[in-house]
Amino acid sequence: MRYISTRANWKPEASKTVIRLGMVPDGGLFVPEVFPAIDMEQVKKACSYKDCAFEIMKQYLSDFEEPELRGIIDASYGNNFNSPDVAPVYRLDDTTSILELWHGPTAAFKDIALQCMPRLLIAAMRKESESLRVMILVATSGDTGKAALEGFRDVEGTTIITFYPSDGVSSIQKQQMVTTEGQNTAAVGVRGNFDDCQTSVKNAFQDRDLRKAAAERGIVFSSANSINWGRLVPQITYYFWAYRAMHKRKMIGWKDGINICVPTGNFGNILAAYYAYKMGLPVNRLICASNMNNILTDFINTGTYNINRTFYSTVSPSMDILISSNLERLIFDLTGRDGGNVEDYYGRLKRDGSFSLTPGALNTIRKLFYGGFASEDRTYDAINRVYHDHSYVLDTHTAVGYHVLCGYRKKTGDMTPAVLTSTANPYKFPVAVYRGITGRTVENDFEALSLLHERTGLPVHPCLSGIEQKKVTCTDIIAPDEIGSYIEKSL
């Protein structure tokens, strides 16, 4: 399997190289040259999540030996997850399943990829016989940061710096990051939003002088964001796993189509679902759920991607994003896999802050995708409704997805069995979840966590128990335009 650039500005590469590079150094993202067809019977026979992951990931990582890949997967999904299923599927009702992706070491869906990716990266470096050190640069809207810090903590030959919006994450997300205990880890607050962090980190990757300065010190840059193929490929697995679980519970017949609803901001999680569909997963509709930062909803409905709009800080902060990096991969695929088209679109985005698809490309996207969004009030309503109707606790992001799924069904009448991805443990956002369930407001996250536990009896995730007592190890806060110089000083 080889990988090509979405902007046709880089030669085809093997997976080990694209995982090391993170993104195309001259701009653009790596995508598979072809989509491999999966044997659904092998998925059906998978006895464990690890077996399912192996069947999916070996299709894309052909330059890894099968025993090597098995070893990476076995090490990634073990006692570090508090469910033997890794990603258990909860049956909410006859037509709705919830894919719980938050049973890993940092209570967020990013763990499923970021327990695997560091092992893939180190294996890739060894394959290329490189003695270089890797500096992982991460922009986070909240959950990726801690998951990446935990995944790369004390991994030999790596250092990692996570940049997060200093006032744009929950108190618990921030506490998770600034109490990192690794000798090779750092978390840096940025006076701005996630898009500021992400743009500055991307600029650092493309800064030839900065890359040269790093190379002189024996360092190469890579990324743990979903712009890195090594982060994205493990995420494809859990959609096949969810399908298998729905079949086992007799919600669907084998090879029946399902709908998949994904709350997303950076478009990586739903892109993984799209790639599963391209491999042969029976999918009827991909439902893209946004919060008040509903740029993806507008794009799917109109074909225009316009970042010239108000940015909202919401109770679902991991989706507070206006520049959805992984959308570039979808646009590449659905506009003829023509790098020139993508280069043109993103040139316009950089110049004018917007671009519009052709009517034909928009029609292609809308045949498969549906876009909807939830206001803050609707997010609270969804939390309240699901708790009182089903005794199930949603986090704020999953609540956005639930509202959009219900809206899709009401609008279209399509009651195809659906899986809703639950991206974070509810205790990561206890103030909002407690308010959604009780209608009462508590200002302090840690007090709300205790009250939420008393109210619902839901066990507190082990990584969040006593988190307020942990020692703060990272206190730096910088401006967005200081990210490049901060990286250079850290070389």
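A brief structural summary. (Residues numbered from 1 in each chain as written. Predicted model: local features only at pLDDT ≥ 70, side-chain atom pairs only at ≥ 80, totals over all residues. Heavy atoms only, no water.)

1. A few points about helix α16 (residues 359-368)
By the burial criterion, the buried members of α16 are Ala 361, Leu 362, Ile 365 and Leu 368. Projected down its long axis, α16 carries its buried residues within an arc of 130°, all on one side. Those residues of α16 that are exposed and angled more than 90 degrees off the buried face are Pro 359 and Lys 367. For α16, the elements touching its buried residues are α12 (268-279), β11 (283-290), α13 (295-302), α14 (327-334) and β14 (369-373). (Buried < 20%, exposed > 50% of the residue type's maximum accessible area, 1.4 Å probe, protein only. Helix = DSSP H or I, 4+ residues; strand = E, 2+ residues; numbered from the N terminus. Arc of directions from axis to C-beta. Contact = heavy atoms within 4.5 Å.)

2. Thoughts on empty space enclosed by the protein
Taken as a whole and judged by the stated rule, the model has two cavities of 30 Å³ or more. Within this model, the largest cavity holds a volume of roughly 250 Å³. For the largest cavity, the lining is made up of 23 residues, of which Phe 109, Lys 110, Gly 265, Asn 266 and Ser 318 are closest to its centre. Of all the elements in the fold, those that place two or more residues in the lining of the largest cavity are α7 (143-152) and α12. Within the lining of the largest cavity, the residues separate by chemical class into seven nonpolar, 13 polar and three charged. Ala 139, Gln 198, Val 201, Lys 202, Asn 225 and Ile 227 together form the lining of the second largest cavity. No other element matches helix α9 (residues 194-206), which puts three residues into the lining of the second largest cavity. The residue inventory of the lining of the second largest cavity, partitioned by class, reads three nonpolar, two polar and one charged. (1 Å grid on protein atoms, 1.4 Å probe; cavity = no way out; pocket = protein on both sides within 12 Å on 5 of 7 lines; lining within 4 Å. Points joined across faces, edges and corners; volume = space filled by probe spheres on them. Nonpolar A, V, L, I, M, F, W, Y, C, P; charged D, E, K, R; others polar.)

3. A short note on the side chain of Thr 335
Summarising the element assignment, Thr 335 is placed in the loop between α14 and α15 (339-352). Relative accessible area serves as the criterion here: at 13%, Thr 335 is assigned to the buried category. Here Ile 331 takes part through its backbone oxygen, which lies 2.5 Å from a polar atom of the side chain of Thr 335. (Polar contact = N/O pair within 3.5 Å; in protein donor to acceptor, adjacent residues only side chain to side chain.)

4. Some points on the pairing of strand β6 (residues 133-139)
Judged by how many residues are buried, β6 sits mostly within the fold: six of seven residues are covered. In this structure, β6 lies alongside strand β9 (residues 219-223), joined through five bridges in parallel fashion. Note on β9: the bridge partner recorded for Ile 136 is Ser 222. Bridge count for β6 against strand β7 (residues 158-165) is six bridges, and the pairing is parallel. (Pairing = 2+ DSSP bridges.)

5. Things to note about α15
The end-to-end C-alpha separation of α15 is 20 Å, in line with the 20 Å expected for 14 residues at 1.5 Å each. Regarding α15, the residues found buried are Gly 339, Val 342, Tyr 345, Tyr 346 and Leu 349. Projected down its long axis, α15 carries its buried residues within an arc of 125°, all on one side. Where the residues of α15 are buried, they touch β12 (304-306), α14 and β13 (354-356). Directly after α15, the chain includes Gly 353, whose backbone phi takes a positive value near 80°. (Expected span 1.5 Å × (residues − 1).)

6. Digging into the sheet that holds strand β3 (residues 30-32)
The strand order across the open sheet formed by three strands is β2-β1-β3, and the pairing between neighbours is antiparallel. Strands at the two margins of the open sheet, each flanked by one partner only, are β2 (13-14) and β3. Strand direction decides the pairing type here: strand β1 (residues 2-5) and β3, joined by three bridges, are antiparallel. Bridging from a neighbouring strand, Tyr 3 pairs with Pro 32 of β3.

7. Quick word on the sheet that holds β6
Sheet strands associate in pairs through backbone hydrogen bonding, adopting either a parallel or an antiparallel arrangement. Read from one edge of the open sheet, five strands run β9-β6-β7-β8-β16, paired in parallel fashion. Edge positions in the open sheet fall to β9 and β16 (477-478), since each of these has one partner strand only. Where helix α21 (residues 483-490) meets the sheet, its contacts fall on β6, β7, β8 (185-190), β9 and β16, and the angle it forms with β7 comes to roughly 160°. (Axes fitted to C-alpha atoms, helices over the stretch in contact; angles between N-to-C directions.)

8. Concerning the nonpolar core
Tyr 60, Ile 236, Phe 240, Ile 260, Tyr 275 and Phe 369 are the most contacted members of the largest nonpolar core, which has 111 residues in total. Looking at this core, the element that brings in the most residues is helix α11 (residues 229-248), giving 12 residues. Setting aside anything within four residues of it in sequence, one finds Ile 260 in contact with Tyr 239, Ala 273, Leu 281, Val 283, Arg 285, Leu 286, Ile 287 and Val 419. Residues Tyr 392, Val 393, Leu 405 and Tyr 434 belong to the second largest nonpolar core, which totals 37 residues. (Core = buried A, V, L, I, M, F, W, Y, C linked by side-chain atoms within 4.5 Å.)

9. Concerning unusual backbone geometry
Backbone geometry at Val 86 places phi at a positive 65°, although glycine is not the residue there. Structurally, the position occupied by Val 86 is in the loop between α4 (66-76) and β4 (89-93). In this structure Val 86 comes out as buried when scored by relative accessible area, which is 4%. For Arg 337, which is not glycine, the phi torsion reads 50° and is therefore positive. Following the sequence through the fold, Arg 337 ends up in the loop between α14 and α15. We classify Arg 337 as partly exposed; its relative accessible area is 26%.

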